[in-house]
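Coordinate analysis (summary)
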Amino acid sequence: MASVAWAVLQVLLLLPTRTWSPVGAGNPPDCDAPLASALPRPSFSSSSELSSSHGPGFSRLNRRDGAGGWTPLVSNKYQWLQIDLGERMEVTAVATQGGYGSSDWVTSYLLMFSDGGRNWKQYRREESIWGFPGNTNADSVVHCRLQPPFEARFLRFLPLAWNPRGRIGMRIEVYGCAYKSEVVYFDGQSALLYKLDKKPLKPVRDVISLKFKAIQSNGILLHREGQHGNHITLELIKGKLVFFLNSGNAKLPTTVAPVTLTLGSLLDDQHWHSVLIELLDTQVNFTVDKHTHHFQAKGESSYLDLNFEISFGGIPTPGRARPFTRQSFHGCLENLYYNGVDVTELAKKHKPQILMMGNVSFSCPQPQTVPVTFLSSRSYLALPGSSGEDKVSVTFQFRTWNRAGHLLFGELQRGSGSFVLFLKDGKLKLSLFQPGQSPRNVTAGAGLNDGQWHSVSLSAKWSHVNVVVDDDTAVQPLVAVLIDSGDTYYFGGCLDNSSGSGCKSPLGGFQGCLRLITIGDKAVDPISVQQGVLGSFRDLQIDSCGITDRCLPSYCEHGGACSQSWDTFSCDCLGTGYTGETCHSSLYEQSCEAHKHRGNPSGLYYIDADGSGPLGPFLVYCNMTDAAWTVVRHGGPDAVTVRGAPSGHPRSAVSFAYAAGAGQVRAVVSLAERCEQRLALRCGTARRPDSRDGTPLSWWVGRTNETHTYWGGSLPDAQKCTCGLEGNCIDSQYYCNCDAGRSEWASDTIVLSQKEHLPVTQIVMMDAGQPHSEAAYTLGPLLCHGDKSFWNSASFNTETSYLHFPAFHGELTADVCFFFKTTVSSGVFMENLGITDFIRIELRAPTEVTFSFDVGNGPCEVTVQSPTPFNDNRWHHVRAERNVKGASLQVDQLPRKMQPAPAHGHVRLQLNSQLFIEISAYFQTGSSMTYHFQEHYTLSENSSSLVSSLHRDVTLTRETITLSFRTTQTPSLLLYVSSFYEEYLSVILANNGSLQIRYKLDRHQNPDAFAFDFKNMADGQLHQVKINREDAVVVVEVNQSAKKQVILSSGTEFNAVKSLILGKVLEAGGADPDTRRAAASGFTGCLSAVRFGRAAPLKAALRPLGPSRVTVRGHVAPGSRCAAGAASGSPARELAPRLAGGAGRSGPADEGEPLVNADRRGSAVIGGVIAVVIFILLCITAIAMRIYQQRKLRKENESNVSKKGEC
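The text that follows walks through the structure, step by step, so that each part is easy to find. (Residues numbered from 1 in each chain as written. Predicted model: local features only at pLDDT ≥ 70, side-chain atom pairs only at ≥ 80, totals over all residues. Heavy atoms only, no water.)

1. Points about the overall build of the protein
If you tally the helices and strands in the protein, you get 9 helices and 81 strands. For the protein, the proportion of its 1207 residues judged to be buried stands at 55%. Residue pairs at least 24 apart in sequence account for 72% of intrachain contacts in the protein once pairs closer than 6 positions are excluded. Of the roughly 50700 Å² of accessible surface on the protein, a fraction of 51% belongs to carbon and sulfur atoms. (Helix = DSSP H or I, 4+ residues; strand = E, 2+ residues; numbered from the N terminus. Buried < 20%, exposed > 50% of the residue type's maximum accessible area, 1.4 Å probe, protein only. Contact = heavy atoms within 4.5 Å. Areas by Shrake-Rupley, 256 points an atom, 1.4 Å probe, with all protein chains shown as cover.)

2. What to know about the packing of aromatic side chains
In the structure shown here, the tally under the stated rule is 28 aromatic pairs. Between the aromatic rings of phenylalanine 396 and phenylalanine 491, the centroid separation amounts to 5.9 Å while the plane-to-plane angle is 90°, which identifies the pairing as edge-to-face. Of this pair, phenylalanine 396 sits in strand E26 (residues 392-399) while phenylalanine 491 sits in strand E34 (residues 488-492), and the two are 95 residues apart along the sequence. A relative accessible area of 2% places phenylalanine 396 in the buried class. Their ring planes at 55° and their centres at 4.6 Å tell us that phenylalanine 820 and phenylalanine 829 sit as a pair that is tilted. The residues phenylalanine 820 and phenylalanine 829 share a single accessibility class, namely buried. The ring of tryptophan 453 carries arginine 515 above its face, with NZ or CZ at 4.0 Å from the centroid. Looking at arginine 1003, its charged tip hangs above the ring of tyrosine 981, at a distance of 5.7 Å from the centre. (Phe/Tyr/Trp six-rings, centres within 6.5 Å; stacked < 30°, edge-to-face > 60°. Lys NZ or Arg CZ within 6 Å of the ring centre and 35° of its normal.)

3. Notes on the sheet that holds strand E78 (residues 1110-1113)
Ordered in space as E72-E71-E70-E69-E76-E67-E78, the 7 strands form an open sheet in which the pairing is antiparallel. The open sheet has two edge strands, strand E72 (1008-1012) and E78, and neither has a second partner. Strand-to-strand twist across the sheet, computed as the mean angle between neighbouring axes with direction ignored, equals 10°. Taken together, the 4 bridges between strand E67 (residues 928-932) and E78 define a ladder with antiparallel strand orientation. Counted as the bridge partner of threonine 930 is threonine 1111 from E78. (Pairing = 2+ DSSP bridges. Axes fitted to C-alpha atoms, helices over the stretch in contact; angles between N-to-C directions.)

4. Description of the sheet that holds strand E28 (residues 418-424)
Judged by pairing direction, the sheet is antiparallel, and its 7 strands sit side by side in the order E30-E29-E28-E27-E34-E25-E37 without closing on themselves. What marks the edges here is a single partner per strand, and that holds for strand E30 (440-444) and strand E37 (536-538). Between one strand axis and the next, the sheet turns through 15° on average, direction left out of account. As paired strands, strand E25 (residues 380-384) and E34 are joined by 5 bridges and run antiparallel to one another. Each bridged residue has a counterpart across the sheet, and for leucine 383 the counterpart in E34 is tyrosine 489.

5. Here we look at the pattern of salt bridges
Under the counting rule described, the total for this entry stands at 29 salt bridges. Arginine 41 is the partner of aspartate 65 in a salt bridge, and the nearest nitrogen-oxygen pair spans 3.5 Å. With a gap of 24 residues between them, aspartate 65 in the loop between strand E2 (44-46) and strand E3 (81-97) and arginine 41 in the loop between strand E1 (33-34) and E2 connect regions that are remote in the sequence. Judged by relative accessible area, which is 41%, arginine 41 ranks as partly exposed. Across the pair aspartate 539 and lysine 77 runs a salt bridge, and its minimum N-O distance is 3.1 Å. With aspartate 539 in the loop between E37 and strand E38 (540-542) and lysine 77 in the loop between E2 and E3, the pair connects residues that are 462 residues apart, well separated along the chain. According to the relative accessible area criterion, aspartate 539 is buried, its value standing at 14%. When salt bridges with common partners are traced through the structure, they connect Arg88, Asp115, Lys213 and Glu334 into a single cluster. (Salt bridge = Lys/Arg side-chain N within 4 Å of Asp/Glu carboxyl O.)

6. Some words on unusual backbone geometry
Backbone torsion omega between leucine 552 and proline 553 reads -5°, so that peptide bond is classified as cis. With an omega of -15°, the peptide bond between threonine 970 and proline 971 qualifies as cis. Along the chain, the position of proline 971 falls in the loop between strand E68 (958-966) and strand E69 (972-979). We note that histidine 350 has phi near 55°; this positive angle belongs to a residue other than glycine.

7. Focus on a nonpolar patch on the surface
Taken together, Leu587, Tyr588, Leu604, Tyr606 and Leu619 make up a surface patch of nonpolar side chains, about 490 Å² in accessible area. Tracing the sequence through the fold places leucine 619 in strand E44 (residues 618-624). (Patch = residues over 30% accessible without salt bridge, like charges linked within 9 Å, V, L, I, M, F, W, Y side chains within 5 Å.)

8. Some thoughts on the pairing of strand E61 (residues 860-865)
Alternating positions in E61 separate cleanly, Cys860, Val862 and Val864 being buried on one face and Glu861, Thr863 and Gln865 remaining unburied on the opposite face. Relative to E61, strand E60 (residues 848-854) runs antiparallel, the two sharing 6 bridges. Each residue of the ladder has a partner; that of valine 849, found in E61, is valine 864. Linking E60 back to E61 in an antiparallel pair, the connection comprises 5 residues, with glycine 856 at a positive phi of about 115°.

9. Details of the environment of histidine 54
Inspection of the secondary structure assignment puts histidine 54 in the loop between E2 and E3. For the pair histidine 54 and glycine 169, spaced 115 residues apart in sequence, the C-alpha separation works out to 8.9 Å. Among all residues touching histidine 54, those that are not within four sequence positions of it are Glu49, Ala67, Gly69, Trp70 and Thr71. Here serine 51 takes part through its side chain, which lies 2.6 Å from a polar atom of the side chain of histidine 54. (Polar contact = N/O pair within 3.5 Å; in protein donor to acceptor, adjacent residues only side chain to side chain.)

10. Comments concerning the state of the cysteines
Evaluated as defined, the whole model comprises 8 disulfides. Across the disulfide, cysteine 513 is cross-linked to cysteine 545 (sulfur-sulfur distance 2.1 Å). On the sign convention where negative is left-handed, the bridge of cysteine 513 and cysteine 545, at about 95° about the S-S bond, is right-handed. Highlighted residues: cysteine 513 in strand E35 (residues 512-519) and cysteine 545 in the loop between E38 and strand E39 (561-564), separated in sequence by 32 residues. (Disulfide = S-S within 2.5 Å.)

The following block contains the structure:
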């Protein structure tokens, strides 16, 4: 057992699962050391430099020597800054600065890494191709944690965007620690055989861990077998890793197939990939990189009967003519452990347990192949041809997901024509154009868009042309003319001004990777192209193959088939019962109650009890009476006859299987208001229900496999048949007719209605020694009615009503459905916030419903507009869905609106706050509420840059402010935002009730003051204000109609933002006179829907977790005055029988209490504290609040970009 524990410990130490933080929380404290600062200047290199003082050697963080950083000669996206760490290191974080004291900085960049300075790999965040956020000025430091970390010797920073008023400028640092590496190299004809210790007590668990780097796409990584055909094998097949587990047990039925698990894709990229295999009897955990497959094999396992040896790199067969029966592995294994034993170390020391076969070495050769990535359909690579030769000869390898695209175009000399080589429908086609001849076409290969490397050879001479794709050869005769190779060959697309025949095509340019290009039998060096020595190019990534598998993991739910192109993926939902971009939304209603609501008659219907959840739809009978009954039939016998048997032996034991699966039945029962199942019993001779010692003679088994001995009633201890409950049994001494001891036949109806125990899966009847007794029973179908998620409404008639529900979880896919009715013009249905992410559904205008969200790519909105108002006091149905492909919104039967997600953006929605609806607050005279954005930290010069980066001043170049208010007071201060640097923003009502805004973004200048004479806004009516600033441009919108744009002159950056104040401001020093007068007067009235960016001050006052950022002075309460004049007419109260399954709580908060003393219980709020000023008649019905998260993908706590200097 000690060895097994040690093995598990070793595996845990090997896996790169640590996360980095400046204080080392959660990681070894020695893996955040700066790695670049102590390196010599020759360790830094770059694509170019502006001057000798702008060279890469000056690019170390916080250094001011030279020109204060690296700047390339030309600022474009083909520049790079490279670091050589000297050896492979574990890298956990990076940091960037701009050029010291300059206007040169990078705003976003790519990070690439490599072992040998060739074949670079891009570091990806969130399974997407996404750059790192850079800097907003020259001297601030932005740190980015790498989750997970990686191991590499070389790193490259590739600028994507930079300050438009300057150049590219970078200073960088890399953080991490030393990395232990033991490698073994197999040349494709070698193997290691490890002979295990023959201990009498075998381990209860086998753990195998390793990393591998494959040079070829096929090969055996490990193999172990036994005497009876049982074996385990790990094999790389077409770049995917396949784990075979064959028990070889003759006792197993033939229907039990060997276990085959496949994980990973594109694993032949000549980069390191990690593998962990855990075997415990029939349980298998198989992990490749960060994807894990858990599997439970059927039947008994004879895995522990395997031989005491395991081979790595191949399957050796000593003594045979061919030493290996299957293709062996060509590549390197690193940190190879078997149950904690370092196999590589044993081999290096030539221990007797290791037998080496073939050419095995202990260093990993670096790849010399230089791939080229064609990033877009406009990419091209122009290379010189073999001009003057009387033949055309071109070879290369390519890999792509696209079914179509131009690969190669060339014009022949002396007017002999031109040719174009392209993909169409996954096949390679050659079109040859010769003077006076119709185009000749050659087709070779099929399914070439599978992401694998494919070899292409094109040759033409005199009278024929050959095209060879892998092993498929096609030949086309030509008109016998002299073929003269052209001057230039275009790979991918063409120059914009190209006019050659066939170069322009609706197919577009090639997107994918090329390598091993030869022209006229001469190899092409892409590095020379990158350096500008050879040919020309556009939109290429040289020395890297940037292909990714967008179907791994598959975001297609419910068995939808995933297919992909270079830029995106799609899901085929045919036959799944689901629809949508990711097959998320069910095609079927959730219950018979929903079918009845749509007016459907009785009949057979498919229902999907968990909606978009993992359970599939199934067929039921819906009996539409006064209630909608769901009928789930079983496949057991219609009637069971029970005759006497010897005492103690079962007279009958019958099992019942249902048309729906266990999970589906459980969902139906959980969703229903009531369920029951009837047992009709006929008895021919008296029998006692229990034996003389009280032991039950019959029982039944429910869905949880628990045994029950009660036979009727709504409660388990009722012990009564229907006649006993109704008081009409044939013998009043008994509660069932069959217990009366009569000699004639009697009948009973037993109703089982404890729905937590239903349905019945088995009935067992014993005999008490009465061999001539006889009975028969019939078990009816499971009957359920009611839908707790459907008839479940709540009326929000006061501003202090609320509902609490569990938190919203939907990282990758989520949908929300509800009904609403209202008479007001705008309001928030629901909202949930994260650190930077959020999701919100609102009635933005009487005819507009908007679904907005942010997953890290910036706010996105989907809006449905109606020709008629939604605030007509009628029920309206809203369905919103967000997934990795985008978002959709549908209201009633209006056309569904969609917003696609960016192809290379963040995909995970990460929320960490409560789910609730906006609140309002009534401010009494002299009261105030202060929301603190941050504390002011004074940093010494020798403070750690890692620590100081956490408390950088918040500098804003843009912000969005919204608020709603009702007041009759003038002057009034609606909102005041202060700064540590004496900068401020104020929104006030002047003496005449006009709206005025003051921006002071430079303490050395006077503020920009703007008056908006829309009307007197201190009229006691509800008004909405939205302010949006982008640099110096400010757009103000009032009441969703009037709009005005102004230009600031005081600056474009709001620096060191400190706090937001609502109400009276005690200290407004440095403010202009009008702002000071309004600040002294404060605000009396109602404020609601206050937001500054993503900050929601009124909500922050109600958050129960963590220290409050809000300080309240005076009396601020969700008072009833906010309701005054909100709407005309009396509130319409809807029938609300009960909440769904007790899942939520509702109730009013105490009016007049300070807001900071409002409810702080731990449940997430879906209703929040709902202001009547926002929704006086909002009635939300949670008809299908369905939130489904893919369980096969583990959660990742990725860091998001913040303005505090961390990404």
